[in-house]
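# Chains, contacts and geometry: an overview
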Amino acid sequence: MWRRDAGWWVLLLPAFALLTVFYIAPILQVLAISFTDPEPGIGNYERILTNLSVQRALLTTLRICVITTAIALVLGYALAYAITLASERGRRWWLFCVLVPLWISVLVRAFAWVTLLRRQGLVNQTLIETGIIAEPLPLVWNEFGIIVGMVHFMVPYAVLPMLASMREIDPRLLAAARGLGASRLTVFRRVFLPLSLPGLIAAGVLVFIFSLGFYVTPAILGGGKTLMVAEWISLQILDLIRWGLGTMMATLLVVSILVTLAVFSRVVDLRRLFGSGAR
Amino acid sequence: MNGAYGPGWIARILSIGTALYLVLPILIVLPVSMTDQRFLSLPHYGLSLAHYGTVLTSPEWLGSIWQSAQIALAATVLAVLTGTAFAVAAWRLDHRLTRLLMALMLLPLIVPSIVYAIGLYRYFRWWDLLDRFAGVVIAHGVTGIPYVVITVSASLAAFDPRLEQAARGMGASLSQVLRWVILPRIMPGIVSGAIFAFIHSWDELVMVLFIASRDVFTLPRRIWDGINENLDPAMAAVAVLLVGLTILLLLLDIVVRKRSDG
């Protein structure tokens, strides 16, 4: 049997070799450096308890991620709900609105938000010209800007897993509940919401772990003042040349993501998630 | 729609609002790119294509576009060849070990690219691959593999394994089975995977920030510098060109799928 299958096992090799040598190895190296630089031991990890800059980066990241996830879930849920209940033709348009932003360059999207939100940006200009405000509002290069841009990035990732689980709900159940005299709110609360819960949790986990290590959008819309973990790491490595601290934070990031995934692995089927993302 | 259950007004307003929030900010780059002003703004007196001219005659922008296209193509070939072979073999073997390897293959989708990027920064110095075309191709190719593995696996899910066994039973060799039985069936999956691997490389910034500096200066890198240094309408023109290309690729994907369904 093994002999007969030998050819197939060989086909696995190129991808496996490439991944081991050029993906796993560099990441394991990051792990190793965090324990050896500047001196062997867990000195870098002790900084989590003592270093203010480390703590501030962690807290900022956590706060922004929680807010982003919450907003993205609410907006994504409404969108997924509308898509599920839409007609066949309407559904195609809705999906287009979700999928096109998903694949458009994250840089282009961040650039568009800068154009809109900066001091002389279109939003402030319009508000001033119509006399609603006298002074431009600080809409970007702060936490507000980061969250606006991040939610925009994450909503499609929230919609897809929720949509997958909502589509398995039999629409006749809803009509039946209505027919039996339940109010709209009751139908939603007692029938639809519980049935869509697995998708909601999966979406929450996905959006949260993507937000944790997000670099581009927070870096552009935060303007270097509000540092999230990813940008903080890059600062340590490129500007301050503190490899020990940078790799420690990177390790912490990967470990938190893997732990989150492991905890929720029963509800989140990653392959299915990304499979539907590509569809 | 008799008796069908539709969304209530709260859901309707919230969902339409969200759809507008997703799409409108991206569309705004179109009018801004056609402004007649020399700074980032809406057109004042009329539309102008001058900023497109600036981009399309600038050797820097064109050089970066060309370099990004080459890198993305090479990375796509790398990801498609290895990823397809892997997905087909994993599907055929369906062994405990292959399922474990499959989970390993998806790591690049989960581990943030900043972590991989700083790892490569050290690792590639040792391999002498920093600021090299080959280095970026390898980094983008490896991280593109999961997209191919997922789309090919999805197209294999609907494929009856007995067809392959029948072909083998009638004396076809491994390469004959691959070429005549399996590949034609999974072609749409391969094409989708290729499109996504291409977009992945074409848009990738974080790794490039660390492993490339002067000789390799991709399009995302140039846009990044542009956003951080000089916000001018030429940037909006680049953004429009990029959005156009992405939509084109997505339409191509839809066409390929339609044809395979019909």
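Below: a short report on this structure. Here, residues in each chain are numbered from 1, in the same order as that chain's written sequence. Whichever chain is written first becomes A and whichever ligand is written first becomes 1, with later ones labelled in order. Owing to the predicted nature of the model, reporting of local features is limited to residues with pLDDT of at least 70; listing and counting of side-chain atom pairs is limited to 80 or more, with chain, interface and lining totals taken over all residues. To obtain the side-chain values, all non-hydrogen atoms of the structure were included, while hydrogens and water were left out.

Quick look at the overall build of chain B now. The number of helices and strands found in chain B is 13 helices and 0 strands. Where helices and strands are cited, they refer to DSSP runs of H or I of at least four residues and of E of at least two residues respectively, numbered from the N terminus. Element order for chain B, N to C, with α for helix and β for strand: α-α-α-α-α-α-α-α-α-α-α-α-α. Principal axes of the C-alpha set define a box for chain B whose edges measure 75 × 70 × 30 Å. A total of 262 residues make up chain B; the buried ones form 55% of that total. Whether two residues are in contact is decided by their heavy atoms, any of which lying within 4.5 Å being enough. Sequence separation of 24 or more characterises 71% of the internal contacts of chain B that already satisfy a separation of 6 or more. Where the 18 positive side-chain charges of chain B centre and where its 15 negative ones centre are 10 Å apart. The classification of residues rests on relative accessible area computed with a 1.4 Å probe and restricted to protein chains. Under 20% of the type maximum is buried, over 50% is exposed, and intermediate values are partly exposed. In this count, Lys and Arg are taken as positive residues and Asp and Glu as negative ones, while His and the chain termini are left out. Where a charge lies is defined by one atom per residue type, namely NZ (Lys), CZ (Arg), CG (Asp) and CD (Glu).

Quick look at the interface of chain B and chain A now. With 91 residues of chain B at the interface, the matching set in chain A holds 86 residues. For the pairing of chain B and chain A, the buried interface totals around 8,400 Å² over both sides, and the portion due to carbon and sulfur atoms is 82%. A side-chain nitrogen of Lys or Arg and a carboxyl oxygen of Asp or Glu constitute a salt bridge if their distance falls within 4 Å. Here chain B and chain A share 0 salt bridges between them. Polar contact is the term for a pair of N or O atoms within 3.5 Å; when the atoms are in protein, one must be able to donate a hydrogen and the other to accept it, and sequence-neighboring residues count only if both atoms are side-chain atoms. Joining chain B to chain A, the criterion identifies 6 residue pairs in polar contact (both at pLDDT 80 or more). Summed over both partners, the accessible area lost on bringing two parts together, with a 1.4 Å probe, is the buried area.

The subject of this paragraph is the side chain of A:Asn51. Residues and elements named next belong to chain A. Here Asn51 shows up in the loop between helix H2 (43–50) and helix H3 (52–85). You can call Asn51 buried: its relative accessible area is 18%. At 3.3 Å, the side chain of Asn51 and the backbone nitrogen of Val54 are in polar contact.

Aromatic contacts are taken between Phe, Tyr and Trp rings whose centres are within 6.5 Å, Trp giving its six-membered ring; a plane angle under 30 degrees counts as stacked, one over 60 as edge-to-face, and the others as tilted. Scanning the entire structure with this criterion turns up 23 aromatic pairs over all chains. Look at B:Tyr123 and B:Trp126: their rings are 6.4 Å apart centre to centre, the planes differ by 45 degrees, and that puts the pair in the tilted class. Taken together, the residues B:Tyr123 and B:Trp126, both in helix H7 (residues 113–127) and 3 residues apart, mark about one turn of the helix. A residue is classified by how much of its surface remains accessible, and B:Tyr123, at 9% relative accessible area, is buried. The exposed category is assigned to B:Trp126, whose relative accessible area is 71%. Among the aromatic side chains, those forming a connected cluster through ring pairs are A:Phe22, B:Tyr123, B:Phe124, B:Trp126 and B:Trp127. Sitting over the ring of A:Trp243, B:Arg122 keeps its end group 4.4 Å from the ring centre. Criterion for a charge above a ring: Lys NZ or Arg CZ within 6 Å of the ring centre, and within 35 degrees of the ring normal. The ring of B:Tyr121 carries the charged tip of B:Arg125 above its face, separated from the ring centre by 5.4 Å.

Below, the discussion takes up the pattern of salt bridges. All told, the structure shown has 8 salt bridges over all chains when counted by the stated rule. Ionic pairing is found between A:Arg172 and A:Asp170, a salt bridge with its closest N-O pair at 2.8 Å. Of the residues examined, A:Arg172 reaches a relative accessible area of 62% and is grouped as exposed. Of the charged contacts, one joins B:Arg162 and B:Asp160 as a salt bridge, the two residues approaching to 2.9 Å between their closest N and O atoms. According to the relative accessible area criterion, B:Asp160 is partly exposed, its value standing at 29%.

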